[in-house]
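The chain contents come next:
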Amino acid sequence: MHRYLTELVGTFLFVFSIALAVVHAGPFAPLAIGAALMVVVYMGGHISGGHYNPAVTLAVYLRGKLAAGDVAPYMIAQLLGAALASLAAMVVTDSALLAAPAADASTTAALLVETIFTFALCIVVLNVATDDAVSGNSFYGLAIGFTIVVAAFAGGAVSGGAFNPAVGLGPAIAAMGSKSIGHVWIYAVGPLLGGALASVVYGLQHPDAEA
């Protein structure tokens, strides 16, 4: 239970930070968001692995570093944390956090950006946080956080910059009935595809790796 609580709390803090950064941090929002992910990864990495993202959970499971019985509880905790954070942020900002593709971005473009940058996040996680060759390193949180800084700066203006089903779906649950959420499937399909692809590529990078 302590691992699931860590995933819920970490995701809550991450998504709450995203919601306020989008409103208040202006062009520095990607830096604030990446830093938020970095600190919560350091906070909970030694307890739950510090996923805070169903796509990361999927990648780590497929990598063989998470038990099958933990997958659904992790994802539920992440979605619940994101939804609660979105509700709390609505009280503070009087606006709903809801990722959406740019008006001039095609569905294909948004889906591709979400897939590729979530793949980048997950392949970094697998290599810096699950590989025995770098076990015990102190840079894993920095690497993971700055992957999201890059993703948000480079792809956020195209896809809306979720790179995480919890970030895409949690706020949509909170905003249901007040916002159009027909596009949110992009933030489930793209990131989960990216996470699965990362596990495949990791296996090709490390053909002799043991789970």
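Residues numbered from 1 in each chain as written. Predicted model: local features only at pLDDT ≥ 70, side-chain atom pairs only at ≥ 80, totals over all residues. Heavy atoms only, no water.

**What about the side chain of glutamine 78?**
The following threshold applies: Secondary structure elements are defined from DSSP: runs of H or I of at least 4 residues count as helices, runs of E of at least 2 residues count as strands, and each element is numbered from the N terminus. Polar contacts here mean pairs of N or O atoms no more than 3.5 Å apart (in protein, one a potential hydrogen donor and the other a potential acceptor; neighbouring residues in sequence count only if both atoms are side-chain atoms). Contacts between residues were defined by any pair of non-hydrogen atoms, one from each residue, lying within 4.5 Å.
Here glutamine 78 shows up in helix α4 (residues 68-93). Only 2.9 Å separates the side chain of glutamine 78 from the side chain of threonine 57, close enough to count as a polar contact. Look past the residues within four positions of glutamine 78 in its chain and what remains in contact with it is Glu7, Thr11, His51, Tyr52, Asn53, Pro54, Thr57 and Ala166.

**Observations regarding the pattern of salt bridges**
Spelled out, the test is: What counts as a salt bridge is simple: a side-chain nitrogen of Lys or Arg found within 4 Å of a carboxyl oxygen of Asp or Glu.
Across all of its chains, the model carries 1 salt bridge by this definition. A salt bridge links aspartate 70 to arginine 3, with the nearest nitrogen and oxygen atoms 2.7 Å apart. Residue aspartate 70 is found in helix α4, and its partner arginine 3 is found in helix α1 (residues 2-24); the two are separated by 67 residues along the sequence.

**Overview of the packing of α1 against α4**
When two helices pack together, their arrangement is given by the angle between their axes and by how far apart the axes lie. Formally: To obtain an axis, a line is fitted to C-alpha atoms, over the contacting stretch when the element is a helix, and the angle between two such axes runs from 0 to 180 degrees between their N-to-C directions. Two helices that cross are described as forming a left-handed crossing if the nearer one is turned anticlockwise from the farther one by less than a right angle, and a right-handed crossing if clockwise. Three categories are distinguished: nonpolar for Ala, Val, Leu, Ile, Met, Phe, Trp, Tyr, Cys and Pro, charged for Asp, Glu, Lys and Arg, and polar for the others, with Gly belonging to the last.
Close contact between α1 and α4 brings their axes to 7 Å; oriented N to C, the two are set at 35°. Considering how the two elements wind past one another, α1 and α4 form a crossing that is right-handed. Considering only residue class, the contact of α1 with α4 consists of 18 nonpolar, 7 polar and 3 charged.

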